[in-house]
Protein chains: 2
Amino acid sequence: CVERAVTRVVTPGTLTEAALLRGADNNFVAALAVDDDTDGPLDGGREYGLALLDVSTGDFYATGLASLSAVADEAGRFVPSEVVVGPDIDDDAVAEAFPAEAMVTRYDSVAFDADVARERVGTYFADAGETLASDAELRACGALLAYAEYTRGGYHEDAGAVDDGAVDESGLDPAEVPAEPRLSYLNHLTRYDPREYMLLDAVAVRSLELFEPRHVHGAAGTALADVIDETACALGRRELTDWLRRPLLDTDRIAARQDAVGELVRDVRTRERLHERLADVYDIERLVARVSRGRANARDLRSLHETLAVVPDLRDVLVDAEGEPLQRLRERLDPVADVREAIDAAVAEDPPPELTEGGVIRKGYDERLDELRATEREGKRWIDELEASERERTGVDSLKVGHNQVHGYYIEVTDPNLDAVPDEYQRRQTLKNSERFVTPALKEREDEILRATERADDLEYELFRDLRDEVAAEAERIQALAAAVADLDALVALATVAAEHGYTRPTVGADRFAIEGGRHPVVERAEERFVPNGTDLDPGTIAVITGPNMSGKSTYMRQVALVCVLAQVGSFVPATAAQLPVVDRVFTRVGASDDIAGGRSTFMVEMTEVADILRAATPRSLVLLDEVGRGTSTADGFALARAVTEHLHDEVGATVLFATHHHDLTGLAADLPDAVNRHFPATERDGEVVFRHDLQPGAATASYGVEVADAAGVPESVVARAHELLARETADGAGQPDESAG
Amino acid sequence: CVERAVTRVVTPGTLTEAALLRGADNNFVAALAVDDDTDGPLDGGREYGLALLDVSTGDFYATGLASLSAVADEAGRFVPSEVVVGPDIDDDAVAEAFPAEAMVTRYDSVAFDADVARERVGTYFADAGETLASDAELRACGALLAYAEYTRGGYHEDAGAVDDGAVDESGLDPAEVPAEPRLSYLNHLTRYDPREYMLLDAVAVRSLELFEPRHVHGAAGTALADVIDETACALGRRELTDWLRRPLLDTDRIAARQDAVGELVRDVRTRERLHERLADVYDIERLVARVSRGRANARDLRSLHETLAVVPDLRDVLVDAEGEPLQRLRERLDPVADVREAIDAAVAEDPPPELTEGGVIRKGYDERLDELRATEREGKRWIDELEASERERTGVDSLKVGHNQVHGYYIEVTDPNLDAVPDEYQRRQTLKNSERFVTPALKEREDEILRATERADDLEYELFRDLRDEVAAEAERIQALAAAVADLDALVALATVAAEHGYTRPTVGADRFAIEGGRHPVVERAEERFVPNGTDLDPGTIAVITGPNMSGKSTYMRQVALVCVLAQVGSFVPATAAQLPVVDRVFTRVGASDDIAGGRSTFMVEMTEVADILRAATPRSLVLLDEVGRGTSTADGFALARAVTEHLHDEVGATVLFATHHHDLTGLAADLPDAVNRHFPATERDGEVVFRHDLQPGAATASYGVEVADAAGVPESVVARAHELLARETADGAGQPDESAG
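Just so we're clear, the structure is a prediction, and the values are computed from it rather than from any experiment.

**Student:** Describe the overall build of chain A, listing the residues and the values that go with them.
**Tutor:** Across its full length, chain A carries 24 helices and 24 strands. For chain A, the residues scored as buried account for 56% of the 742 residues in total. Sequence-distant contacts, at least 24 apart, represent 69% of the contacts inside chain A between residues at least 6 apart. Carbon and sulfur atoms make up 47% of the accessible area of chain A, which amounts to about 30,100 Å² in all.

Here it is, written out as structure tokens:
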């Protein structure tokens, strides 16, 4: 077997094997560096540089942040599977900044040195000095590049024949050893300012189920990313994910995406033809990364060829595009025709995955190769005919010519016929009932075939590598094309969702939240009859939402947040009409979980999340509170809920949707100028309580918890007794339960 | 390279590769069958047969159950990663019975046929007819065996040389093809009656964190299995896991384990020596499974040898054991000396992982082999000397002898010296600055070496397989040994935990829950100063537990349940003294999670769990309720909590620990004869509230939620306002917040 040199280090964040990565999703490795900020605006503070790289696609991001909690907020968008840090970041800091699932790699402090990093980053991105805003960002980028180089795939990987401890290696191709460690698939650095994007921290990403549905009782639901993913190819899927991860704040950029989506919604024919052709696009971003590392095989290049063949069609379809955004996109679709033609000329149509066993290069591409293959064929034909001619010569009809891996070709004669064996037969192997022979002529032919095959295989491999290097030299153009295709696919996907599910174009940048007939984009798909609900709130309003269990309070609140997220992504939204202000951040305080061994109670976790919201929210934020103060006594919980709400109202001025069973909180509407009540009503019909899902002004009168318990299967005697207890309490005059007694 | 025949189907439940399995844990595949119960006690009902197999260890279980929810309860113990069902089990039934993470495989209905299953099961377990209690069990076992056979590893896997499309395969070993599909590593079927074990369903397993700590805010805690896992080897770890999964109900069996643990607690020297030797035990259960499938390599057999070498030492250490349980265990430790000696005689001390490249068999084991290796060495020595002799002969000092994979041995001469090349040199390859040659003598030697090497490698492989078959024939004895070693390691582990963490031997089968100085086995490790708490309750008592947030209500309740679980495992318990009744099942209703897209609210989930408890609890059950009725209005929640408690008290008679912030529920103690109050007090000191963690009789007076919010970082102005609101409420006479108004 072939010896393989160990030239790769495999870590969770630097995987590139398609089979080990989850489909089209990104897989990020992050690096973090910190500096004392001596002259910046945070005088005396610290500044953090965060770099993120998907080595399988070359997606490379950098940003600067002023605190570990801000790092945690940004990391929440990307969910890196691995984190690289130097000695200046201690374990506590890592735990605060990154999800616990990420593997932590402590890496060489030299790589984090500012000068070393500057030089390394400079070899990749000439303008990095201007792009990056601080030394911390530079150091994070430099270290991440160093780590990516360290873990990258080697060039020996698919070498067919490697000298095994011989005296001299010069007989083999010197191009096998990379001249320098530069990763050629990395051509673009996206330095972004988190302030340009709506902030979605890990808590919000999780509770709005943007990317991962929550598993409840083992059953997986659906995430927002899944329901809007009408992309045709992996490139578009990742682009759309990135848009969802970083919704825009700039209304011009939002409008440009909306224009493109709008044109594609109207022009069904264009949308469908684009989608159909985009379905033939391979993941050329990852493919080019493999080409650049010398790890692409012939099938990869054929896939690249097929993708490039799609581009002229896309350009044709877009030739009549009316709006500027689509016209500009068309201009970015470079067919890279030279590369497409070079691949088509050289690579066989259905090549094998191995590069060193022939069949990779087309007949007619190289004269020497064609000659060697002719010699091989001729020799094999001779052997094929040998069985017949030897049977005739010897008179042994059962004589057979065969081949095995150990002994090569042989002539087999059964024991009863051994007398007929000619003199020049040389015995090679004795079996139970027969003997195997060779002849000098047979061995000579075999040798000839072997030599021709080996030379042809080597030559094919050499020709293939030359071609691959040629393609690698155009990596930048192909990546630019991939980016344009990704944008187009994402826009077509948004248009498809909008057209198929009745989304409308929202006005973003309005002075109020005015949504008519809004729906929850995920829940509406799961339910047969989803009841739409309107929203009409001035920014800065506190809406206290009451209603029975299961009436849809949580769904409604998330629906409003998801409409805002989609709108700032540039998507149309599930509503009949929508006007929305620009939201800088969505906060969520939803659900509960215990942390018993960690020493923090459910309630402590809840209050910590509330404290974070009170500290960080702004007048442009949207805050979802799903019951605050549930984990303590009623009196304490009520006092806290009210104080929190007052603070958000008086001091922060954020827009708040607050779902609660504390019916007392509905009194806030009377006390605070910008507080309003909304509720889900329930009606009794034929003695049965019917929950309605249409939101109404005003406060609810009851929660109907006992009816829900009944529906959940609690024994009838228990339900009856609960009703009896409830009735007795209500009959007790002022005698509502005395909640803080004891 | 070697061609591999596709002879294995890899599925999540039938993995055997150590690298892909999570450490020492079991990996189960389950099969389920159902029958109408025509003559059984459930006349007209249905009976379910559940079979479970860990193909990597051969652990095989079967049991019978009367309902899908009982199947779900049992499956909760084993958490199978794959489930095999026939056409009689529909998707809804699968969803009800198994966790959603499990892969579902619909398998051939013939395999589930009773007659087919009877025959198949009979070939494995002669006494299966008596062991299994119903046709459903038989059919589940038969189908699971069929599936294991279908997915099992083939025998071709590590064949070194395979004929490549030749006319005749008889030149190679016919033993490569298995004569029959029987899986020889399966020798024992454990048929158990769920009624012999404490029932721990999936909800209880999860909320007591028996095996998996819950991840909260990304941080992983510790599971009970981790803190008691002082096992030295994988065998013991799995055994201990199985004990924890199925705590005993039989007090004699419990006492036997306690006796063994007790002796090992007292005899430190014995315990430490056993632990030390057990650390050298390999995972021979899995190893034997690989041997039986013909997938073990030489290193595996060496590992088996090393493990067998440990057994005599274990027997020596136990020779003075006093108690009967340890004496009996010593008798079960069969050294299997014949196998150990056979391996040691044949297999090299540090063999390579490949079987077909030589180095596997010891020198001196086989005469033919030694001769072939001598020929090989001799030829290589000749070639080693060739460079010197040819340099002398030709006068070319830079002449080199080398080797590469494609051309074999060659003599290399640089261009300036080509004139000195003798006539018999034959040109083979032209490089940039030199030429490579061969000579007939060199090629002849090369051929000789090659032939000797190939024959020797083949012979080694043959000898190895003979030995492996010999070992496979003793699989049953080795598995019995593995079981004994596993028991011993688990007992030593329990003794180690008991000795190092001050556990005491509980009396199991007492008529009350009397725990002195009880601790939570996991939390006490994480906290610097853990406050122990006593418990003294008659079975059938309802204990209403109140106290401030974070005082430790949840921890206390789980601690009582974990002490009961450990006691019935046969372990000592974290307490200064304990008397406990036998508990048939632990129920938990703890924590909350939302299921928004699924249309079930948090509260609905909670009530469903409560309904399950009310239906299934018995007077011998222990029920933990951590706040019931939290997800609805206060009035509804209170009425439900009270009605549920009354039902458990009046109708069920279970022992209940009920933690709550509904201070009104403390009134139950006055109304119900078997209800008592317990609380965690808080004291004020220097104006600061101090939470105490020592449980006291009576009810708490307040929950101190606002103080917790303060500690969580909620801004001071908000905390101050909450205090003000609380004070105002309290001042309003009877004016506690009117909870059900609105």
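**Student:** Any chance you could break down the packing of helix α15 (residues 367-394) of chain A against helix α16 (residues 440-472) of chain A for me, citing the residues and the numbers?
**Tutor:** All names here are of chain A. Axis separation between α15 and α16 bottoms out at 9 Å; the angle between their running directions is 150°. Here α16 runs roughly antiparallel to α15, going by the angle between their axes. α15 and α16 meet at a crossing whose hand is left-handed. Residues that form the contact of α15 with α16 fall into these classes: 12 nonpolar, 3 polar and 10 charged.

**Student:** Which residues make up a negative patch on the surface, and what values do they have?
**Tutor:** Taken together, D458, E462, D466, D469 and E470 of chain A make up a surface patch of like negative charges. Relative to the assigned elements, D469 of chain A resides in helix α16.

**Student:** A description of empty space enclosed by the protein should follow, citing residues and the corresponding values.
**Tutor:** Summed over the entire model, instances satisfying the criterion amount to 12 cavities of 30 Å³ or more. Volume-wise, the largest cavity comes out at about 210 Å³. Lining the largest cavity we find 17 residues, and of these R630, T632 and T634 of chain A together with R630 and T634 of chain B sit closest to its centre. Here the residues of the lining of the largest cavity sort into no nonpolar, 12 polar and 5 charged.

**Student:** Go over the pattern of salt bridges with me, naming the residues and quoting the values.
**Tutor:** Following the criterion strictly, the structure yields 111 salt bridges over all chains and no others. A salt bridge links R393 of chain A to E390 of chain A, with the nearest nitrogen and oxygen atoms 3.1 Å apart. Of this pair, R393 of chain A and E390 of chain A both sit in helix α15, separated by 3 residues, roughly a single helical turn. Overall, R393 of chain A belongs to the partly exposed group, its relative accessible area being 46%. The partner of R332 of chain B in a salt bridge is D487 of chain B, with the nearest N and O atoms 2.9 Å apart. Taken together, the residues R332 of chain B in helix α13 (residues 324-332) and D487 of chain B in helix α17 (residues 475-501) connect sequence positions 155 residues apart.

**Student:** Can you lay out the packing of helix α12 (residues 298-317) of chain B against helix α14 (residues 337-346) of chain B for me, pointing to particular residues and giving the numbers?
**Tutor:** Residue and element names in this part refer to chain B. The contact between α12 and α14 brings their axes to 9 Å, and the two run at 135°. In terms of orientation, α12 lies oblique with respect to α14. Here α12 and α14 pass one another in a crossing that is left-handed. For the pair α12 and α14, contact is made by L301, R302, L304, H305, L308, A309 and P312 and by V339, R340, I343 and D344, respectively. Its residues assigned to classes, the contact of α12 with α14 shows 7 nonpolar, 1 polar and 3 charged.

**Student:** Which residues make up the pairing of strand β23 (residues 688-691) of chain B, and what values do they have?
**Tutor:** Residue and element names in this part refer to chain B. One ladder, built from 4 bridges, connects strand β22 (residues 682-685) with β23; its direction is antiparallel. Residue pairing for β23: R685 is matched across the bridge by E688. The turn linking β22 back onto β23 is made up of 2 residues, and D686 within it adopts a positive phi angle of 50°.

**Student:** So what's going on with the sheet that holds strand β21 (residues 675-679) of chain B? Which residues, and what values?
**Tutor:** Residues and elements named next belong to chain B. Read across the sheet, 6 strands follow the order β18-β19-β20-β16-β21-β24 without closing on themselves; strand pairing throughout is mixed. On the outer flanks of this sheet lie β18 (585-589) and β24 (696-697), each paired with one strand and no other. In this structure, strand β16 (residues 542-546) lies alongside strand β20 (residues 655-659), joined through 4 bridges in parallel fashion. Bridging from a neighbouring strand, A543 pairs with L657 of β20. Lying over the sheet, helix α19 (residues 553-569) contacts β16, β18, β19 (621-626) and β20, oriented at roughly 165° with respect to β19. Helix α20 (residues 602-616) rests against β18 and β19 of the sheet, and its axis sits at about 155° to β18.

**Student:** Let's hear about the side chain of H661 of chain B: which residues, and what values?
**Tutor:** Inspection of the secondary structure assignment puts H661 of chain B in the loop between β20 and α22 (668-671). Side-chain polar atoms of H661 of chain B contact the side chain of S703 of chain B, separated by 2.8 Å. Among residues more than four places away in sequence, those in contact with H661 of chain B are G631, T632 and S633 of chain A together with G547, P548, N549, K553, E627 and S703 of chain B.

**Student:** Lay out the environment of V94 of chain B in plain terms, naming residues and giving numbers.
**Tutor:** Residue and element names in this part refer to chain B. Mapped onto the fold, V94 is located in helix α2 (residues 91-97). Here V94 falls in the buried class, since its relative accessible area comes to 7%. Contacts of V94, omitting those with residues within four sequence positions, involve V85, I89, V104 and R106.

**Student:** A description of unusual backbone geometry should follow, citing residues and the corresponding values.
**Tutor:** Even without a glycine there, the phi angle at V336 of chain A is positive, about 45°. With respect to the secondary-structure elements, V336 of chain A resides in the loop between α13 (324-332) and α14 (337-346). A positive phi is found at Y704 of chain B, a non-glycine position, where the angle reads about 55°. Tracing the chain through its elements places Y704 of chain B in the loop between β24 and α23 (705-711). Judged by relative accessible area, which is 15%, Y704 of chain B ranks as buried.

**Student:** For helix α3 (residues 114-124) of chain A, give the residues involved together with the corresponding values.
**Tutor:** Residues and elements named next belong to chain A. A114, A117, V121 and Y124 are the residues of α3 that are buried. Viewed end-on, α3 has its buried residues packed into an arc of 80°, placing them on one side of the element. Across α3 from its buried face, at more than 90 degrees, point the exposed residues D115 and E119. The elements touched by buried residues of α3 are α4 (128-131) and α5 (135-151). Backbone nitrogen of D115 and a side-chain oxygen of the N-cap are separated by 3.0 Å at the start of α3; the cap is D113.

**Student:** How would you summarise the packing of aromatic side chains if you had to cite specific residues and measurements?
**Tutor:** What the rule picks out here adds up to 24 aromatic pairs over all chains. One aromatic cluster is present, built from ring pairs that chain together F28, Y61, F78, Y192 and Y197 of chain A. It is R246 of chain A that lies over the ring of Y192 of chain A; its NZ or CZ is 4.7 Å from the centre. Here R246 of chain B stacks its cationic end above the ring of Y197 of chain B, 4.5 Å away from the centre of that ring.

**Student:** Any chance you could break down the side chain of R373 of chain A for me, citing the residues and the numbers?
**Tutor:** Residues and elements named next belong to chain A. Mapped onto the fold, R373 is located in helix α15. Looking at R373, its side chain comes within polar contact range of the side chain of E376, at 2.9 Å. Each residue touching R373, except ones within four places of it in the same chain, is listed here: G358, G359, T453, A456, D457 and E460.

**Student:** Lay out the environment of S571 of chain B with the relevant residues and their values.
**Tutor:** Residue and element names in this part refer to chain B. Assignment of secondary structure puts S571 in the loop between α19 and β17 (577-580). A residue is classified by how much of its surface remains accessible, and S571, at 1% relative accessible area, is buried. Put simply, S571 and V706 are 135 residues apart on the chain and 41 Å apart in space, counted from C-alpha to C-alpha. Excluding its chain neighbours within four sequence positions, the residues that come into contact with S571 are Q258, L494, Y503, P506 and L566.

**Student:** Before we move on, can you summarise the pairing of strand β17 (residues 577-580) of chain A with the specific residues and values?
**Tutor:** All names here are of chain A. Side-chain alternation along β17 places A578 and L580 on a buried face and A577 and Q579 on a face that remains uncovered. In terms of strand pairing, strand β13 (residues 507-508) meets β17 through 2 bridges, oriented parallel. Looking across to β17, one finds that V508 is bridged to L580. Where strand β14 (residues 513-518) meets β17, 3 bridges bridge the pair, whose relative direction is antiparallel. When the bridges of β17 are listed, E516 appears paired with A577.

Parameters at a glance
Residues numbered from 1 in each chain as written. Chains lettered and ligands numbered in written order. Predicted model: local features only at pLDDT ≥ 70, side-chain atom pairs only at ≥ 80, totals over all residues. Heavy atoms only, no water. Helix = DSSP H or I, 4+ residues; strand = E, 2+ residues; numbered from the N terminus. Buried < 20%, exposed > 50% of the residue type's maximum accessible area, 1.4 Å probe, protein only. Contact = heavy atoms within 4.5 Å. Areas by Shrake-Rupley, 256 points an atom, 1.4 Å probe, with all protein chains shown as cover. Axes fitted to C-alpha atoms, helices over the stretch in contact; angles between N-to-C directions. Parallel < 35°, antiparallel > 145°, perpendicular 65-115°, else oblique. Left-handed = near helix turned anticlockwise from the far one by under 90°. Nonpolar A, V, L, I, M, F, W, Y, C, P; charged D, E, K, R; others polar. Patch = residues over 30% accessible without salt bridge, like charges linked within 9 Å, V, L, I, M, F, W, Y side chains within 5 Å. Salt bridge = Lys/Arg side-chain N within 4 Å of Asp/Glu carboxyl O. Lys, Arg positive; Asp, Glu negative; His and termini not counted. Charge placed at Lys NZ, Arg CZ, Asp CG, Glu CD. 1 Å grid on protein atoms, 1.4 Å probe; cavity = no way out; pocket = protein on both sides within 12 Å on 5 of 7 lines; lining within 4 Å. Points joined across faces, edges and corners; volume = space filled by probe spheres on them. Pairing = 2+ DSSP bridges. Polar contact = N/O pair within 3.5 Å; in protein donor to acceptor, adjacent residues only side chain to side chain. Arc of directions from axis to C-beta. Phe/Tyr/Trp six-rings, centres within 6.5 Å; stacked < 30°, edge-to-face > 60°. Lys NZ or Arg CZ within 6 Å of the ring centre and 35° of its normal.

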